[in-house]
Amino acid sequence: MKVPLLDLKAQYAGMREEIRRAMDEICDQQAFILGPCVEQFEQETAEYCGSAEAVGVSSGTDALLAALMALGIGPGDAVITSAYSFFATAGSIARTGATPVFVDIDPVSFNIDPAAVKELLEAPRKRLQGLVPKALMPVHLYGQCANMTPLQAIAAEHGLNIIEDAAQAIGAEYPATDVAVRAGAIGDMGCFSFFPSKNLGGFGDGGMITTNTPALAEHLRRLRNHGSEPKYYHSEIGGNFRLDALQAAVLRVKLKHLDQWHRRRSRNAAFYNRAFAGSPAITPTAVYADRNLNHPHIYNQYVIRLEKRDQVWEHLKKAGIGCEVYYPVPLHLQECFSALGYRPGELPESEKAANETLALPIYPELTDEMLDYVSKTVLQALQL
Ligand SMILES: *Cc1c(COP(=O)(O)O)cnc(C)c1O
């Protein structure tokens, strides 16, 4: 049996006609950039995420970049973020000229550790020397929200803005004081990606920025269009960060299925959790699962921890199972950031995660037979 890490053809098979009709409408209109379809998709995304506004952009990376630009972040500023994430988190900070300041993760959730952020800001300020801390960029890794309540308290105390990197977490819920809030509606801005492998994936690149602050939304709409307002008059420099109508058309169709896909992913996760109980494979913890939420974790990735990770990885590959390491090198040890002077051992939980994590197939269309094959093969590999 072969089980790919992700099978987008299986998803497309069930919605081929609907998607083609939606794309056909755009083809007939021959209006490809922004426009009414993008606006409708923005409204639907804002509604889905529970935010006042949403601004469609060209990718998740550009969402992060534009959000930082909207806050005026640049050289001399520090943006505090997780050392364990996809590269775009740190890359977008560096591209503004600001300095990413990395802090360690909580080993259970894989998300930024609020205590480590507090310590950075309050104890020995070594990593912040000569920089002005401006923003926090927590990442909701693998589809589960970072612990936002303490982060919001720290941000308020130190006058920092919060940009959520919600690229992997559309629809993930967080237990705020007495209500469930969704990723992207918690900080000042939330950044989403519609890269095809995300839970809501387009037919190419795409992204979205959510915000509850109308002035930020207005600024982002200018920035995504070279900062122009009115047309051909530029009081500031933006970029081409626009979302295509064809992507919006596809994504509008898919958005209607998103909650159902989240549920299938959760069910698949429960299957693996049962299969791995009592084995040396450490299963992911949905840390807010007992808080009465519909989607405490959307499982964009189902990631286990293994001491013998590389050995299991090899075995799975040979058995025809798609799996991947997200991510093999933590951000603070990436070569391009060597000038920042981080040393191995400095952020031990991120480094340990990089050595132990393995993502297994979790996509909604997996059959019980496939789940069974994957879990038995993992257990078998652990006995070698
Ligand atoms: C996918 C992803 C991004 C970047 O999104 P793109 O649409 O690929 O540019 C940023 N951050 C995280 C955590 C991601 O997973």
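Computed from a prediction, not measured in an experiment: that's the story for all the values here.

**Notes on the nonpolar core**
Among the nonpolar cores identified, the biggest contains 62 residues, and Phe41, Ile80, Phe102, Val117, Leu136, Ile170 and Leu200 are the most heavily contacted of them. When residues of this core are traced back to their parent elements, those giving at least two are helix 2 (16-29), helix 3 (36-49), strand 2 (77-82), strand 3 (99-103), helix 6 (114-122), helix 7 (148-158), helix 9 (245-255) and helix 10 (258-276). Setting aside chain neighbours within four positions, we find Phe102 in contact with Thr81, Ser82, Ala83, Ala90, Leu331, His332, Phe337, Leu340, Tyr342 and Leu347. Of all hydrophobic cores here, the second largest spans 27 residues; its members include Ala269, Phe271, Cys323 and Val374.

**Notes on the pairing of strand 3**
Among the five residues in strand 3, five count as buried, and that is most of the element. Here strand 3 shows two buried faces, one formed by Thr99, Val101 and Val103 and the other by Pro100 and Phe102. The pairing of strand 2 with strand 3 spans five bridges and is parallel. Looking at the pairing, Ile80 lines up with Val101 of strand 3.

**Side note on the packing of helix 2 against helix 9**
Running from amino to carboxyl end, helix 2 crosses helix 9 at an angle of 150°, the nearest separation of the two axes being 9 Å. Considered as vectors, helix 2 and helix 9 are oriented roughly antiparallel to each other. Helix 9 is crossed by helix 2, and the crossing has right-handed handedness. Between helix 2, through Glu18, Ile19, Ala22, Met23 and Ile26, and helix 9, the contact on the second element is made entirely by Ala245, Leu246, Ala249, Val250, Val253 and Lys254.

**Let's talk about the site of the ligand**
Close contacts around the ligand come from 15 residues, with Gly60, Thr61, Gln168, Ser193 and Lys198 the closest. Those elements that place two or more of their residues in the shell around the ligand are helix 4 (60-70) and helix 5 (87-95). Here the residues of the shell around the ligand sort into five nonpolar, eight polar and two charged.

**So, the domain arrangement of the protein**
Per the domain assignment, the segments making up the protein are domain 1 (8-255) and domain 2 (258-382). Computed from C-alpha atoms alone, the centre-to-centre distance between domain 1 and domain 2 is 23 Å. Contacts between the two partners involve 49 residues from domain 1, matched on the other side by 40 residues from domain 2. Of the roughly 3,900 Å² buried where domain 1 meets domain 2, counting both sides, 58% is carbon and sulfur surface. Among the residues of domain 1 in contact with domain 2, Tyr84, Tyr142 and Asn199 are the three that bury the most area, contributing 19% of the side total. Counting across the interface, domain 1 meets domain 2 through one salt bridge. In this structure, the salt-bridge partner of Glu346 is Arg127, at a minimum N-O distance of 2.9 Å. Linking domain 1 with domain 2 are 33 residue pairs in polar contact (both at pLDDT 80 or more). For the side of domain 1 that touches domain 2, the secondary structure elements donating two or more residues are helix 1 (8-13), helix 5, strand 3, strand 6 (173-175), strand 7 (180-182) and helix 9. Among the elements that make up the side of domain 1 that touches domain 2, the one with the highest residue count is strand 3 (five residues). When the residues that make up the side of domain 1 that touches domain 2 are grouped by side-chain class, the tally is 29 nonpolar, 13 polar and seven charged.

Rules used in this analysis
- Residues numbered from 1 in each chain as written.
- Predicted model: local features only at pLDDT ≥ 70, side-chain atom pairs only at ≥ 80, totals over all residues.
- Heavy atoms only, no water.
- Core = buried A, V, L, I, M, F, W, Y, C linked by side-chain atoms within 4.5 Å.
- Buried < 20%, exposed > 50% of the residue type's maximum accessible area, 1.4 Å probe, protein only.
- Helix = DSSP H or I, 4+ residues; strand = E, 2+ residues; numbered from the N terminus.
- Contact = heavy atoms within 4.5 Å.
- Pairing = 2+ DSSP bridges.
- Axes fitted to C-alpha atoms, helices over the stretch in contact; angles between N-to-C directions.
- Parallel < 35°, antiparallel > 145°, perpendicular 65-115°, else oblique.
- Left-handed = near helix turned anticlockwise from the far one by under 90°.
- Near = heavy atom within 4 Å.
- Nonpolar A, V, L, I, M, F, W, Y, C, P; charged D, E, K, R; others polar.
- Domains from an automatic or database assignment.
- Buried area = accessible area lost by both parts, 1.4 Å probe.
- Salt bridge = Lys/Arg side-chain N within 4 Å of Asp/Glu carboxyl O.
- Polar contact = N/O pair within 3.5 Å; in protein donor to acceptor, adjacent residues only side chain to side chain.

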